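One-letter residues, chain by chain:
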Amino acid sequence: MSNPLLSVSGLGISTVQDPRTLVNSVSFEIMPGEAVGVVGESGSGKTLTALSILGLLPRGVATSSGSINFDGVDLTKASSENMQNLRGSAISMVYQDPMTALNPVMKLGRQLLEVIESHEKLENGSIARVEAALREVGIPQVERAMESYPHEFSGGMRQRVMIAMALLLSPKLLIADEPTTALDVTIQQQILALVSEERRKRNMSMLWITHDLGVVANLVDRLIVMYAGNIVESGTVSEIFNNPQHPYTHGLLSSLPSRNDKSRRRLTSIPGVPQKPWLVGNTCAFAPRCFKATAECTASAPELIGKLEKAVACFHPMGDK
Amino acid sequence: MSLELKDVEKRYLNRASGTVINALNGVSVKVEVGQTLGIVGESGCGKSTLARAVVGLEDPSAGSITWDGQPVDNKSKDRLKSHHSKVQLVFQDPYSSLNPRQQIGDSISEAIGVHGLVAKDNIADRVVELLQLVGLDPDLKSRYPHQLSGGQRQRVCIARALSAEPKLLVLDEPVSALDVSVRAEVMNLLIDLRKNLGLTYIFISHDLAMIRYISDVIAVMYLGKIVEFGTWEEIIENPVHPYTKALIAAMPDHSIIGDPTMLTRTLEGEVPDPVNLPSGCSFHSRCSIAVPSCSVTAPSLRNLSNGHLVACSEV
């Protein structure tokens with residue numbers, strides 16, 4: 001087996017002043033060409049984990065422990081100049097809201113050329129390269145699009161532009177933070193199909209962040225489930241969906257109405273609300289909401305134990321079906 | 001008793017550009033008491049305009065809306081108030097629909113006061129009763145909205161709507177802004193309230209999974225029109241309109257996994273601009289089975305069988 005492209009090990013993220021843990025000792029790997037989904041609710045730490053890979057944590061928040069190894073380099077120790085070189089070329093990102101991620105007062109062609117300019121020299125072929133990238137993601141009338149501003153496009157088209165921009169320099173890793181959440185379902189489907197095809201064509205690795213399990217079911221190879229700053233379970237898509245081991249994953253899946261359920265059985269809900277990561281301490285973060293919790297669960301924190309295909313952080317996993 | 005919409009149209013004038021936005025283009029539908037009508041569609045299909053028209057927040061440009069035979073009328077304050085004692089609206093965003101500087105108990109008692117259904121001395125007791133009804137601890141009444149979770153806030157909004165003792169609740173994307181693990185709780189609450197209070201719902205959502213879960217009948221909307229209507233089983237199991245089919249295929253679902261071909265079953269193109277409605281059937285530009293006549297004649301809803309209605313000439 002090849003070496004992982006990205007290896008995150010014991011990553012902790014916390015506020016700088018009055019330290020509060022936001023992400024607690026997270027470890028995971030992404031293989032070359034592999035697509036990994038991160039599922040979690042708001043506040044679970046999924047976005048911060050992604051931003052830390054790019055060195056783009058918000059002001060006042062920093063990595064407090066662990067390492068992020070990308071292609072042989074520890075990104076937590078890389079200089080800001082090195083990070084600048086990586087961002088947009090080896091690792092690129094697609095954000096949730098393309099309207100705020102694009103510059104509203106700059107023509108799209110210019111914005112895409114800027115991506116090339118910040119990593120390479122602009123040359124005669126650069127414009128053709130940008131046009132080809134836009135054509136590839138299904139933008140109609142590319143010459144006109146180059147001269148347009150973001151507001152002249154629909155949300156779906158703007159997201160296509162973002163994807164063209166992210167793919168422009170053929171990254172090894174694409175990070176996507178809920179890029180379809182703001183879109184209508186039929187447009188979401190178009191974007192998912194586009195990304196899925198591009199990833200296969202380029203054998204690109206991908207980290208896809210979402211709160212919606214349905215979105216990643218047919219998009220990624222493996223899933224990581226985060227809860228209150230911790231990874232509670234990870235594994236292949238089929239293991240997570242068919243044989244969830246953590247009571248949280250299990251609860252999340254049974255709280256979703258399924259297309260095939262003709263009985264419309266009552267949805268199982270998870271009582272309570274997620275804990276703040278900094279209040280968890282040395283316990284299982286899910287224990288207060290868990291129907292299987294015992295004294296053991298509040299005495300110490302369970303570690304994520306298992307293999308790449310299946311790992312769970314729980315003292316009382318669901319057991320095999 | 002029933003709520004009836006007949007050929008309802010709503011146009012908005014954009015004063016800056018002088019253009020007209022066609023939000024609703026002839027919607028007719030009837031909701032019987034005790035029934036839940038699910039309305040599903042993508043942004044710009046007119047579903048929220050419809051919700052606002054039903055509660056009298058918008059005046060239809062043409063057509064009529066009647067409740068129990070009485071026209072919904074926002075011309076007179078008194079008549080609108082009496083309408084609001086029967087029909088209430090719950091908004092999508094429980095963050096912006098509560099006053100951030102008002103304790104939630106006051107938010108609810110204010111609504112009770114407006115409708116004068118409870119003697120002044122009993123308002124405090126009624127607030128407690130309403131909070132319990134939606135599964136909240138009555139001690140929360142002295143809290144401010146920011147001190148509550150999203151799910152709790154949406155429960156407060158539901159309690160406030162129920163304070164008018166309405167017959168009909170219009171729920172406009174009531175769980176879309178909530179975290180996945182609390183959506184189920186609010187959905188279950190809505191189902192319990194419907195049963196215990198004998199409520200009628202209009203449940204509006206872009207999320208077909210939620211619509212399917214709660215509705216008795218479903219209306220599928222596209223560009224301000226109903227394109228298909230039927231019982232939930234008929235719409236989900238036996239969709240006929242090509243748009244309904246595409247919508248169901250695009251619905252993220254976790255029952256089929258690891259199959260990338262699932263993603264390729266997609267609808268081409270985007271929803272046309274409601275300023276320049278396409279001629280004929282408004283879906284023809286994206287339709288896989290369209291024939292030349294589709295761009296000329298707009299199909300009206302016709303009965304396929306037992307109240308399963310479809311607006312398509314090619315099925």
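Residues numbered from 1 in each chain as written. Chains lettered and ligands numbered in written order. Predicted model: local features only at pLDDT ≥ 70, side-chain atom pairs only at ≥ 80, totals over all residues.

A. View of the interface of chain A and chain B. At the junction of the two partners, chain A supplies 41 residues and chain B supplies 36 residues. At the level of secondary structure, the elements contributing two or more residues to the side of chain A that touches chain B comprise α8 (185-202), α9 (213-216), α10 (237-242) and α11 (247-254) of chain A. Looking at which element gives the most residues to the side of chain A that touches chain B, the answer is α8(A), with 9 residues. In terms of residue class, the side of chain A that touches chain B is built from 17 nonpolar, 18 polar and 6 charged. (Contact = placed C-beta atoms within 7 Å. Helix = DSSP H or I, 4+ residues; strand = E, 2+ residues; numbered from the N terminus. Nonpolar A, V, L, I, M, F, W, Y, C, P; charged D, E, K, R; others polar.)

B. Broad picture of unusual backbone geometry. Although it is not a glycine, A:E178 adopts a positive phi angle of roughly 45 degrees. Judged by C-beta crowding, with 18 C-beta atoms within 10 Å, A:E178 ranks as partly exposed. You will see that B:E165, though not glycine, has its phi angle at about 50 degrees, which is positive. Positionally, B:E165 belongs in the loop between α5 (150-162) and β7 (168-172). (Buried ≥ 20, exposed ≤ 12 C-beta atoms within 10 Å, placed from the backbone.)

C. Inspection of the packing of α8(A) against helix α9 (residues 242-250) of chain B at higher detail. Axis separation between α8(A) and α9(B) bottoms out at 9 Å; the angle between their running directions is 55 degrees. Judged by the inter-axis angle, α8(A) sits oblique to α9(B). For the pair α8(A) and α9(B), the sense of crossing is left-handed. Across the interface between the two elements, A:V185, A:T186, A:Q188 and A:Q189 of α8(A) pack against B:A246, B:L247 and B:A250 of α9(B). Among the residues forming the contact of α8(A) with α9(B), the class breakdown is 4 nonpolar, 3 polar and no charged. (Axes fitted to C-alpha atoms, helices over the stretch in contact; angles between N-to-C directions. Parallel < 35°, antiparallel > 145°, perpendicular 65-115°, else oblique. Left-handed = near helix turned anticlockwise from the far one by under 90°.)

D. Here's a closer look at the environment of B:W232. Looking at the element boundaries, B:W232 is found in helix α8 (residues 232-237). Residues within four places of B:W232 in sequence aside, it is in contact with B:G38, B:R212, B:S215, B:D216, B:V217 and B:I218.

E. Local environment of the nonpolar core. Ranked by internal contacts, the top residues of the largest apolar core, which has 92 residues, are A:I163, A:A164, A:L207, A:W208, A:V216 and A:V225. If you tally residues by element for this core, the top one is helix α7 (residues 155-167) of chain A, at 8 residues. Those residues in contact with A:W208, other than ones at most four positions away along the chain, are A:A35, A:G37, A:A176, A:V216, A:L219 and A:V220. Judged by nonpolar contacts, the second largest core, of 90 residues, contains B:V72, B:L168, B:I202 and B:F229. (Core = buried A, V, L, I, M, F, W, Y, C linked by C-beta atoms within 7 Å.)

F. Focus on the pairing of strand β9 (residues 222-227) of chain A. Residues and elements named next belong to chain A. Burial of β9 is extensive: 6 of the 6 residues sit out of reach of the surface. Where strand β3 (residues 35-39) meets β9, 4 bridges bridge the pair, whose relative direction is parallel. For G37, the partnering residue across the bridge sits in β9 and is L223. Taken together, the 6 bridges between β9 and strand β10 (residues 230-236) define a ladder with antiparallel strand orientation. Its bridge partner lying in β10, L223 is registered against G235. The antiparallel hairpin formed by β9 and β10 contains 2 residues in its connecting segment, where A228 sits at a positive phi of about 45 degrees. (Pairing = 2+ DSSP bridges.)

G. Representation of the sheet that holds strand β1 (residues 6-15) of chain A. Residues and elements named next belong to chain A. Here 4 strands make up an open sheet; going across it, the order is β2-β1-β4-β5 and the pairing antiparallel. The open sheet has two free edges, formed respectively by β2 (21-30) and β5 (73-74), since each of these has just one partner strand. As paired elements, strand β4 (residues 61-70) and β5 share 2 bridges and run antiparallel to each other. Bridge pairing in β5 links F70 to V73.

H. Geometry of helix α6 (residues 180-197) of chain B. Compared with an ideal rise of 1.5 Å per residue, which puts 18 residues at 26 Å, α6(B) spans 26 Å between its outermost C-alpha atoms and is within 8% of the ideal. By the burial criterion, the buried members of α6(B) are B:S181, B:V182, B:R183, B:A184, B:E185, B:V186, B:M187 and B:L190. Next to the buried residues of α6(B) lie α11 of chain A together with α5 and α7 (208-214) of chain B. A positive backbone phi angle near 60 degrees is found at B:G198, which sits one or two residues after α6(B). (Expected span 1.5 Å × (residues − 1).)

I. Just the domain arrangement of chain B, in detail. Residue and element names in this part refer to chain B. Assigned domains within chain B: domain 1 (2-86 + 166-310) and domain 2 (100-165). Using only C-alpha atoms to locate each centre, domain 1 and domain 2 end up separated by 29 Å. Facing 12 residues of domain 1, the contacting portion of domain 2 comprises 10 residues. By residue number, the principal contributor to the side of domain 1 that touches domain 2 is α6, which donates 4 residues. Classifying every residue of the side of domain 1 that touches domain 2 gives 8 nonpolar, 2 polar and 2 charged. (Domains from an automatic or database assignment.)

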